[in-house]
Amino acid sequence: MSDQQHDPYGQRYGSYGGPVQDDGAYGGHGYGYGQGGGAPQAPYGHAQDPYAGAPAPYTDPYAQPQAPYADPQAPYDRPQQPSYGEPQAPYAQPQASYAAPQTQTWDGATWETEAGQPAHASAAAATDRFPAQPAPAPQPAAHEEPAPADDDLSHLAPNQRARALGLSPVIPPGFQPAVLTAGLAVLLALAAPLPRLFPAAVVAVLQAVTAAGWFRLNGMWPARQGIALAFLGGLVTDVALLVTDRADAPVVGIGTLGVWCLLVLVLQLRNRQSADERMYALTAGLASSALAVLAAGHLAAAPHATVTGAAAVAVAVLARALPLPGPVSLVLALLAATGAGIAAGQFGGHGAAGAFLGLAAGGCALIGLRVASYDYPSRFVHLTAGVALPLALAAPAVYVLGRVLG
């Protein structure tokens, strides 16, 4: 095979343009001298590179390109200005290469996508990262009681019905407590002429209901210690009246009440509640003890005065409970109490003077009803304070007027 066939570029030319003769001195690799006998020439007529046969230096494929060498004397925050051409604009803060996120919403969730990105692409990416949760299965509706109609308030308590209708917070006890009061008054009238132990039993029942009703009327329940202490004060007064003369009843009542005030104070010293709660308990305990002691006035009064006063109270509360306008029922109750006093005075020897006793006792009974009707009272209040207060508040008038009328 000839040299022309080994040469991939056809012919080789020396520095003078003539073909190079391969004499085999270099192993037939195509190196030779030109016709002029000069130095060996490289292909295409260029001088031979002395490092042509050396291996290429090692280059790290993971190396980061280095920044061009900067002058350490040049200030860091100001770029060098070229010495030619037009002056460049002042140095500006490079802008961020990313776009501000945009907020989009799919299926009730909010996602942030890059500005310029199609919404469907962002939604697809968000779905890949946060797959949509399947909607929860509808739960069966719980059985609920049908709400009562707005005009159907019969199922509500009297105080709740008054709130719903926007009525006055004063609710009279009604006819049932009036019947109970009248029955208790009739028992007292029947027991008054008997030995004092019989009216004392009726008065003790009146004192127990008074103590419980007053605490409940003031929103304190249960208040077992206060109720028991007030009821005990009433019982002590009854016992003291049984062993003393009727004329000494004021001294017995004042003495018992003074001792019981000290006991109420001692009881409240053990109370660990707030100052306001202790004050409420103190006033309720004192008032309840005072009412229980005052109820003993029926036992200290003369028997005929007790009969007249009890009859007047019974008639007054029943007349007040009639379904009549307020002023009409008030006047009717006072007239009924006066008439009952006159009728009972005929049997007790008072005559026409019994009208004053009946009027006073009836007026005190109406005051007791008004107190038991205040501030949305409950049914329990009506069946305790509403029953006992009319008869308990009438006791001082019965005792005083009974002594005055003789």
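Cut-offs and rules
- Residues numbered from 1 in each chain as written.
- Predicted model: local features only at pLDDT ≥ 70, side-chain atom pairs only at ≥ 80, totals over all residues.
- Heavy atoms only, no water.
- Axes fitted to C-alpha atoms, helices over the stretch in contact; angles between N-to-C directions.
- Helix = DSSP H or I, 4+ residues; strand = E, 2+ residues; numbered from the N terminus.
- Parallel < 35°, antiparallel > 145°, perpendicular 65-115°, else oblique.
- Left-handed = near helix turned anticlockwise from the far one by under 90°.
- Contact = heavy atoms within 4.5 Å.
- Nonpolar A, V, L, I, M, F, W, Y, C, P; charged D, E, K, R; others polar.
- Expected span 1.5 Å × (residues − 1).
- Buried < 20%, exposed > 50% of the residue type's maximum accessible area, 1.4 Å probe, protein only.

J.: For the packing of helix 4 (residues 175-191) against helix 10 (residues 303-320), give the residues involved together with the corresponding values.
T.: The contact between helix 4 and helix 10 brings their axes to 8 Å, and the two run at 165 degrees. As judged from the angle between their axes, helix 4 and helix 10 are roughly antiparallel. In this structure, the crossing between helix 4 and helix 10 has a hand that is left-handed. Contacts between helix 4 and helix 10 involve F175, A178, V179, T181, A182, A185, L188 and A189 on the former and, on the latter, T306, V307, A310, V313, A314, V317 and L318. Considered class by class, the residues forming the contact of helix 4 with helix 10 number 13 nonpolar, two polar and no charged.

J.: Go over helix 4 with me, naming the residues and quoting the values.
T.: If you check helix 4, its first and last C-alpha atoms are 24 Å apart, about what 17 residues at 1.5 Å a residue would give, namely 24 Å. The complete set of buried residues in helix 4 reads P177, A178, T181, A182, L184, A185, L188, A189 and A191. For helix 4, the elements touching its buried residues are helix 5 (197-217), helix 9 (297-300), helix 10 and helix 13 (379-405).

J.: Any details on the packing of helix 10 against helix 13? Residues and values, ideally.
T.: Where helix 10 contacts helix 13, the two axes come as close as 9 Å, and the packing angle between them is 145 degrees. In the packing of helix 10 onto helix 13, the handedness of the crossing is right-handed. The residues of helix 13 that touch helix 10, namely those facing A305, T306, G309, V313 and V317, are P390, L391, A394, V398 and G402. Grouping the amino acids of the contact of helix 10 with helix 13 by side-chain chemistry returns seven nonpolar, three polar and no charged.

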